[in-house]
Amino acid sequence: MSRRGRRTRTDRPTGAAADARCTITVCRGCCCGTPAKVPRLDHDAQLADLRSALAGAAMVRRTDCLDACERANVIVVQPSPEGRRAGGRPVWLGQVNDPGATADIAAWIAAGGPGLADPPGVLDLYAFQPSRRVRHELED
């Protein structure tokens, strides 16, 4: 899917608070977020749960496609500026298809996220490295 036509809906905090937060990108494109690809998950509830759990702690945004369709549902956790200074880098999580994984992600972000808090060990099962092209497009 072309990235140029991608629309993103964002819950944006303002001021200094916006600069101190992690950014969570939740894919909801052609495969992620669709019952055809992942039938036993309430996709709208997953997004709502993340937004609710992370209100005030992170910016949660929805995007159309992250080009990692074989790993639906994909969530990318980008560190806060403080986390990046501490060595944190974006963490790509795939096959996030159960409420327990979503809760683990939210707890990790609430504790500081990449660079500031160690992720729960179970998230190692979800982590993957996308292609350089995909990573660069998200960072741009």
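Before any of the text, the structure's been laid out above.
Residues numbered from 1 in each chain as written. Predicted model: local features only at pLDDT ≥ 70, side-chain atom pairs only at ≥ 80, totals over all residues. Heavy atoms only, no water.

Sorry, what's going on with the overall build of the protein here?
Scanning the protein from terminus to terminus reveals 5 helices and 6 strands. The order of helices and strands in the protein, counted from the N terminus, is β-α-β-α-β-β-α-β-α-β-α. Per-residue burial over the protein gives 46% buried out of 140 residues. (Helix = DSSP H or I, 4+ residues; strand = E, 2+ residues; numbered from the N terminus. Buried < 20%, exposed > 50% of the residue type's maximum accessible area, 1.4 Å probe, protein only.)

I'm lost on the state of the cysteines in this one. Help?
As used here, a disulfide is simply a covalent bond connecting the sulfur atoms of two cysteines. Here the structure, examined in full by the defined rule, presents 0 disulfides. Cysteine Cys32 shares no disulfide, and the gap to the nearest cysteine sulfur, in Cys27, comes to 3.6 Å. Judged by its relative accessible area of 2%, Cys32 falls in the buried class. Cys69 carries a free sulfur, and the closest cysteine sulfur to it, the one in Cys30, is 3.5 Å from it. (Disulfide = S-S within 2.5 Å.)

Is there a simple way to explain the side chain of His43 in this structure?
Inspection of the secondary structure assignment puts His43 in helix H2 (residues 43–53). Ignoring anything within four residues of it in the chain, the contact list for His43 reads Arg28, Gly33, Thr34, Pro35, Val38 and Asn73. (Contact = heavy atoms within 4.5 Å.)

Looking at this structure, how should I read the pattern of salt bridges?
Pairing is possible between side chains that carry opposite charge, provided their charged atoms lie close to one another. Tallied over the entire structure, the rule returns 1 salt bridge. Across the salt bridge formed by Arg62 and Asp64, the nearest N and O atoms sit 3.1 Å from each other. In this structure Arg62 comes out as partly exposed when scored by relative accessible area, which is 24%. (Salt bridge = Lys/Arg side-chain N within 4 Å of Asp/Glu carboxyl O.)

When you look at the pairing of strand E2 (residues 22–27) in this model, what are you seeing that I'm missing?
For a regular strand, side-chain orientation follows a simple rule: the groups alternate between the two sheet faces. Most of E2 is tucked away: 6 of the 6 residues are buried. On E2, burial covers both faces: Cys22, Ile24 and Val26 on one face and Thr23, Thr25 and Cys27 on the other are all buried. Note that E2 and strand E3 (residues 58–63) share 6 bridges and pair parallel. In the strand pairing of E3, Thr25 is matched with Arg61. A crossover connection joins E2 to the parallel E3 through H2; in handedness this β-α-β unit is right-handed. (Pairing = 2+ DSSP bridges. Right-handed = clockwise from strand over helix to strand, strands pointing away.)

Taken by themselves, the reported measurements are silent on function.
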